[in-house]
Amino acid sequence: HTDQVRVLHSGLKFANGVGTNAQESHLVVAETFGQRIWKYNLVSGVMQILVDSKDLMGYPDGLDCNHDTGKCYAVFPSSIVPIHKLLAKVPNFVDKAL
């Protein structure tokens, strides 16, 4: 432990659920209001979209990875409201104001 905090990625719309792969070289992140699931490489710092909103039927709300099976699981407790798909494409002005 280093008692240091480092921001790995900014601009996510409510990151709600984070897991690691068994080797702890990647983070998998559920972005609820961005309606995406991301993979962040802890070695290279590269972040890529694993699942985008066009492929989802609900909001990703929580995520965990099973190190025994190597699989990650996300929960989708509610369906996506059509207006939210449009709003997800609008820049987040609150982040820019801060």
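You'll find the structure just up there.
These remarks concern the structure in this document. Predicted, not measured: the structure shown is a model, and the values here were computed from it. (Residues numbered from 1 in each chain as written. Predicted model: local features only at pLDDT ≥ 70, side-chain atom pairs only at ≥ 80, totals over all residues. Heavy atoms only, no water.)

Read from one edge to the other, the open sheet built from four strands follows the order β1-β2-β3-β4, with strand pairing classed as antiparallel. This sheet does not close on itself; its edge strands, each paired only once, are β1 (15-20) and β4 (47-51). Taking the axes of each pair of neighbouring strands and ignoring which way they run, one obtains an average angle of 25° across the sheet. Note that strand β3 (residues 36-41) and β4 share four bridges and pair antiparallel. Paired with isoleucine 37 across the two strands is valine 51, which belongs to β4. (Pairing = 2+ DSSP bridges. Helix = DSSP H or I, 4+ residues; strand = E, 2+ residues; numbered from the N terminus. Axes fitted to C-alpha atoms, helices over the stretch in contact; angles between N-to-C directions.)

Now for the state of the cysteines. Summed over all chains, the structure comprises one disulfide. Disulfide pairing places cysteine 65 opposite cysteine 72 at an S-S distance of 2.0 Å. Because the sign of the S-S torsion sets the handedness, a value of about 100° for the bond joining cysteine 65 and cysteine 72 places this disulfide among the right-handed ones. For cysteine 72, a relative accessible area of 36% puts it in the partly exposed group. (Disulfide = S-S within 2.5 Å. Buried < 20%, exposed > 50% of the residue type's maximum accessible area, 1.4 Å probe, protein only.)

Secondary-structure assignment places threonine 32 in the loop between β2 (26-31) and β3. Looking at threonine 32, the relative accessible area reads 5%, which means it is buried. Excluding its chain neighbours within four sequence positions, the residues that come into contact with threonine 32 are Lys13, Phe14, Asn16, Tyr59, Pro60 and Asp61. (Contact = heavy atoms within 4.5 Å.)

Looking now at unusual backbone geometry. In the Ramachandran plot, phenylalanine 14 falls in the positive-phi region, its phi being about 65° despite a non-glycine side chain. Tracing the backbone shows phenylalanine 14 in the segment before β1. Assessed through its relative accessible area of 45%, phenylalanine 14 is described here as partly exposed. For glutamine 35, which is not glycine, the phi torsion reads 55° and is therefore positive.

Topologically, methionine 57 is positioned in the loop between β4 and β5 (63-66). Separated by 24 residues in sequence, methionine 57 and valine 81 place their C-alpha atoms 9.6 Å apart. Contacts of methionine 57, omitting those with residues within four sequence positions, involve Ser78, Ser79 and Ile80.

So yeah, pure geometry; function would need other evidence.
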